[in-house]
Amino acid sequence: MDHHAVHDVEGVDPHLSITRSDARDPRPLPPVLLLHGFGSSSQRNWVDTGWVRVLNEAGRSAVMVDLPAHGDSAAPADAGAYAPSRIRADILQALFDERITPLRDGEPTSGVDVVGYSLGSRLAWEFGATQPETVRRMVLGGPGTADPLATFDLAGAERFLAGGPASQDPTTVDLLRMAQAVPDNDLPSLLALVSAITTEPFDPQAAVPKMPLLLVAGDQDDYAGGIDDLQDWAPNARITRLPGRNHTNAITSRLFKEAAVEFLA
């Protein structure tokens, strides 16, 4: 795998880590951009779970971006670096760095396919809606109409991390648990990301991606509420449900991987 940094965006270094894993026998198809979830990383979300191996074996090259304060990316002091719009701009720069070109008729390797999970799905939905000239197809895992980070109890989480009682909000407790499961996570910086995300509420109906979409969720995923609405709003969307899976373990599902590879082919 080739591991490197993203170039400056508008004169500012985003300090994002990008990793590329090329297929040994590539098919004439675009690379696949992989966007991980909150509190996770490219390594944890995509490498350790076998996604990169499966994609490479299917002849697909994978481009992974660690979000700010996640994985090998830096935790910026500038709060604006965590805003979803800024993250999407940095992701676009990452694709330029990888010499990914806009979609062109007659050039099957142009553009990019996208697989996002959880927070990565929210970013992918908006990215696909705002960059239709770049994105060919998308697979969104664990998507919903509500952004769980939008109602995150920041004050309660900060009190808990300072040694106080746990938040009374079950979603906040669950998200903190997921973030704490990764020993190297910078929790104060992750809270800075949550704070920035609340300044740009997720409004999936305001900007809808028009390319083909596969929406995937476990049938026990409480975070995927409204997935049927997403399918109704997007003109080229369909849903795959994963039996017995929830928001935490859907990412490891073989059915998820197989459905994504088939859809992106």
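Preceding block: the structure.
To keep things clear, this report deals only with the structure shown in the data block. Just so you know, these numbers come straight off a predicted model, no measurement behind them. (Residues numbered from 1 in each chain as written. Predicted model: local features only at pLDDT ≥ 70, side-chain atom pairs only at ≥ 80, totals over all residues. Heavy atoms only, no water.)

### Comments concerning the overall build of the protein chain
Next up, step 1: Within the protein chain, the secondary structure is distributed over nine helices and eight strands.
Next up, step 2: Radius of gyration (C-alpha) of the protein chain: 17 Å, near the 18 Å computed for a compact globule of 265 residues.
Next up, step 3: For the C-alpha atoms alone, the extent of the protein chain along its principal axes is close to 60 × 45 × 35 Å.
Next up, step 4: The proportion of buried residues among the 265 residues of the protein chain is 54%.
Next up, step 5: Nonlocal contacts in the protein chain, meaning residues at least 24 apart in sequence, comprise 74% of its contacts between residues at least 6 apart.
Next up, step 6: With 21 positive and 36 negative side-chain charges, the protein chain shows a spacing of 7 Å between the two charge centroids. (Helix = DSSP H or I, 4+ residues; strand = E, 2+ residues; numbered from the N terminus. Rg over C-alpha atoms; globule rule 2.2 N^0.38 Å. Buried < 20%, exposed > 50% of the residue type's maximum accessible area, 1.4 Å probe, protein only. Contact = heavy atoms within 4.5 Å. Lys, Arg positive; Asp, Glu negative; His and termini not counted. Charge placed at Lys NZ, Arg CZ, Asp CG, Glu CD.)

### Some words on the packing of aromatic side chains
Next up, step 1: By the definition in use, this model includes three aromatic pairs.
Next up, step 2: Measuring from centroid to centroid gives 5.4 Å for Trp46 and Trp51, while their planes differ by 90 degrees, and the two rings are edge-to-face.
Next up, step 3: Classification of Trp51 as buried rests on a relative accessible area of 0%.
Next up, step 4: Three or more aromatic residues link up through ring pairs in this structure, and these residues are Trp46, Trp51, Tyr117 and Phe256. (Phe/Tyr/Trp six-rings, centres within 6.5 Å; stacked < 30°, edge-to-face > 60°.)

### Details of the pattern of salt bridges
Next up, step 1: What the rule picks out here adds up to 12 salt bridges.
Next up, step 2: Between Asp22 and Arg20 there is a salt bridge, with the nearest N and O atoms lying 2.7 Å from each other.
Next up, step 3: For Asp22, a relative accessible area of 48% translates into the label partly exposed.
Next up, step 4: Among the residues examined, Arg20 registers a relative accessible area of 18% and is labelled buried.
Next up, step 5: Across the salt bridge formed by Asp174 and Arg177, the nearest N and O atoms sit 2.5 Å from each other. Placement of the pair is Asp174 and Arg177 together in helix α6 (residues 170–180), with a separation of three residues, close to one helical turn.
Next up, step 6: Salt bridges sharing partners connect three or more residues here, namely Arg88, Arg122, Glu126 and Asp147. (Salt bridge = Lys/Arg side-chain N within 4 Å of Asp/Glu carboxyl O.)

Shape is all these values report; function is a separate question.
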